[in-house]
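Analysis of the macromolecular model
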Amino acid sequence: MVFEISESSAGERLDKFVTESMEDGAVSRTQVQDWIKSGAVLVGGREAKANYKLAVADVVTVIVPGPEEAVIAAEDIPLDVAYEDSDVIVLNKPRGMVVHPAPGHYSGTVVNALMHHCKDLSGINGVLRPGIVHRIDKDTSGLLMAAKNDLAHLSLAEQLKEHSVTRKYVALVHGNMPHENGTVDAPIGRDPQDRKLFTVTHKGSKEAVTHFQVLERFGDYTLLELQLETGRTHQIRVHLKYIGHPLAGDPVYGRSKTIGLKGQALHAAVLGFVHPRSGEYLEFQAPIPADMEHELTILRQR
């Protein structure tokens, strides 16, 4: 991982910057300090101390040590399988389930369950993410595809890269959306104020496009169908916050006064892709989960 230091990060300690730059806050500061001591973190190609104060245009390189295979175990966890053959498997993930192991979540994940269920997963993404081509957040429910071999993995990954995979979400957002449909085209990158989060920014960002369509209105809430054109981390959550209609129940990007759902009211309802071997287009749908449907019923009955 390579980072070029901007003005917003100048003056920060090296260990603090690297810790906050790791995805989802998955690495502790102590772990980062150990990396620095071992020479796995470089500034301008040279080793530096943990308390080194970063300067504008410094280039920080982080060589993340590989995971140990022994920490990942197959677990007999029930899976809601929407489709399965010898190449791919499509799951309906429940809200609250982590997709792949990471510090603090080495068991109970989709990967642990897949390793028990499939016995044959693509190894392209390494031992922590076997078969995982894309992911959805822990507190988002819905459809997720995984690859059982490298041929399938490469094909699905290329479709994601080309933005040809159909991904539609159902989301409950705060406020009354003023338009029936529209597109949010706004680049997303790390939030300079908190590098564990993401924000709309033109610095160090990537293109992000989300299309929306109103499904139902409740006055102070709106139910939307969202279609992803790109797939940036937290894209939907960041885009909805950006346009002033944050996800209901989102503990990070949302509002404090919200619905009673544990986690954001976001469900990956439709997933479509071209089968990597047959070339046939496949599309799957998953109904809104019961807990989210319960919140919608309450809104309809007010």
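Attention here is on the structure that accompanies the text. Fair warning: this is a prediction, and the values are worked out from it, not measured in the lab. (Residues numbered from 1 in each chain as written. Predicted model: local features only at pLDDT ≥ 70, side-chain atom pairs only at ≥ 80, totals over all residues. Heavy atoms only, no water.)

1. A few points about the overall build of the protein chain
The condition that has to hold: Helix and strand labels come from DSSP, where a helix needs a run of H or I of at least four residues and a strand needs a run of E of at least two; each type is numbered from the N terminus. Radius of gyration here is computed from C-alpha atoms only, and the compact-globule reference equals 2.2 Å multiplied by the residue count raised to the power 0.38. Burial classes: relative accessible area under 20% of the type maximum marks a residue as buried, over 50% as exposed, and values in between as partly exposed (1.4 Å probe, protein chains only). Residue contacts are defined here by distance: any two heavy atoms, one from each residue, within 4.5 Å place the two residues in contact. The Shrake-Rupley method, run with a 1.4 Å probe sphere, supplies the accessible areas, and residue values consider only the shown protein chains as cover. We score Asp and Glu as negative and Lys and Arg as positive, and we do not count His or the chain ends. We put the charge of a Lys on NZ, of an Arg on CZ, of an Asp on CG and of a Glu on CD.
A tally of regular secondary structure across the protein chain gives six helices and 15 strands. Taking 2.2 N^0.38 as the reference for a compact globule, 302 residues should give roughly 19 Å; the C-alpha atoms of the protein chain span a radius of gyration of 20 Å, in line with that estimate. If one aligns the C-alpha atoms of the protein chain with their principal axes, the spans along those axes are about 60 × 45 × 35 Å. The burial tally for the protein chain puts 48% of its 302 residues in the buried class. Taking the intrachain contacts of the protein chain between residues at least 6 apart in sequence as the baseline, contacts between residues at least 24 apart amount to 63%. Looking at the protein chain as shown, the accessible area adds up to about 14,600 Å², and 49% of this sits on carbon and sulfur atoms. In the protein chain, 32 side chains carry a positive charge and 39 a negative one; their mean positions are 7 Å apart.

2. A few points about the nonpolar core
For clarity, the threshold we go by: What is meant by a nonpolar core is a set of buried Ala, Val, Leu, Ile, Met, Phe, Trp, Tyr and Cys residues, joined one to another through side-chain atoms within 4.5 Å.
Residues Y169, L224, L226, I236, L240, L247 and L266 are the most contacted members of the largest nonpolar core, which totals 23 residues. Among the secondary structure elements, those contributing two or more residues to this core are β8 (166-174), β11 (194-200), β12 (209-217), β13 (221-228), α5 (235-242) and β14 (266-274). For L240, the residues in contact, after removing those within four places along its chain, are V173, L224, L226, H245, P246 and L247. Counting 18 residues, the second-largest nonpolar core is a separate cluster that includes V27, V41, L54 and V60.

3. Details of helix α2 (residues 29-38)
We count it as follows: Arc, as used here, means the arc of the directions from the helix axis to the C-beta atoms.
Every buried residue of α2 is listed here: V32, W35 and I36. An end-on view of α2 places all buried positions within 100° of arc, on one side of the element. For α2, the exposed residues set more than 90 degrees away from the buried face come down to T30, K37 and S38. Looking at the buried residues of α2, the elements they touch are α1 (14-21), β2 (41-43) and β4 (59-62).

4. A word on the packing of aromatic side chains
Working definition: an aromatic ring pair is given by the centre-to-centre distance plus the angle between the planes. To keep things clear, this is the line we draw: What counts as a ring pair is set by centres within 6.5 Å for rings of Phe, Tyr and Trp (its six-membered ring), and what kind of pair is set by the plane angle: stacked under 30 degrees, edge-to-face over 60, tilted for all other angles.
Applying the stated criterion across every chain, the model contains three aromatic pairs. Plain terms: the ring middles of Y83 and F284 are 5.2 Å apart, the flat faces sit at 35° to each other, and that makes the pair tilted. Here the residue Y83 occupies a position in strand β5 (residues 81-84), and F284 occupies one in strand β15 (residues 281-285), the gap between them amounting to 201 residues. Residue classification places Y83 among the partly exposed positions, given a relative accessible area of 23%. Of the residues examined, F284 reaches a relative accessible area of 13% and is grouped as buried. Pairing F273 with F284 gives two aromatic rings, centres 6.1 Å apart and planes at 40°, and the pair type is tilted. In this pair, F273 sits in strand β14 while F284 sits in strand β15, placing the two residues eleven residues apart along the sequence. Assigned by exposure class, F273 and F284 land together as buried. Within the aromatic cluster, the residues linked to one another by ring pairs are Y83, F273 and F284.

5. Observations concerning the sheet that holds strand β3 (residues 46-47)
Strands in a sheet are paired, the pairing made by backbone hydrogen bonds, and the direction either parallel or antiparallel. Cut-off, in case you're wondering: Should DSSP find at least two bridges between two strands, the strands are regarded as paired.
The sheet built from four strands is open, its strands ordered β1-β4-β2-β3 with antiparallel pairing. In this open sheet, the two strands that pair with only one neighbour each are β1 (2-4) and β3. Here β2 runs beside β4; their pairing, made up of three bridges, is antiparallel. Along β4, the bridge assignment pairs V43 with V60.

6. Quick notes on unusual backbone geometry
The backbone of A57 sits at a positive phi, close to 80°, despite the residue not being glycine. With respect to the helices and strands, A57 occurs in the loop between β3 and β4. With a relative accessible area of 46%, A57 lands in the partly exposed category. Of note, the phi angle at H234 is positive, near 60°, even though the residue is not glycine.

7. Here's the deal with the environment of G96
By the element assignment, G96 lies in the loop between β6 (88-93) and α3 (110-117). As a C-alpha pair, G96 and N51 span 45 residues in sequence and 37 Å in three-dimensional space. With sequence-adjacent residues up to four places away left out, G96 is seen in contact with K138 and D139.

8. Some words on the side chain of R190
Defined as follows: What qualifies as a polar contact is a pair of N or O atoms within 3.5 Å, subject to a donor-acceptor requirement within protein and to the restriction that residues adjacent in sequence count only when both atoms come from side chains.
With respect to the element layout, R190 can be found in strand β10 (residues 188-191). At 3.1 Å, the side chain of R190 and the backbone oxygen of S21 are in polar contact.

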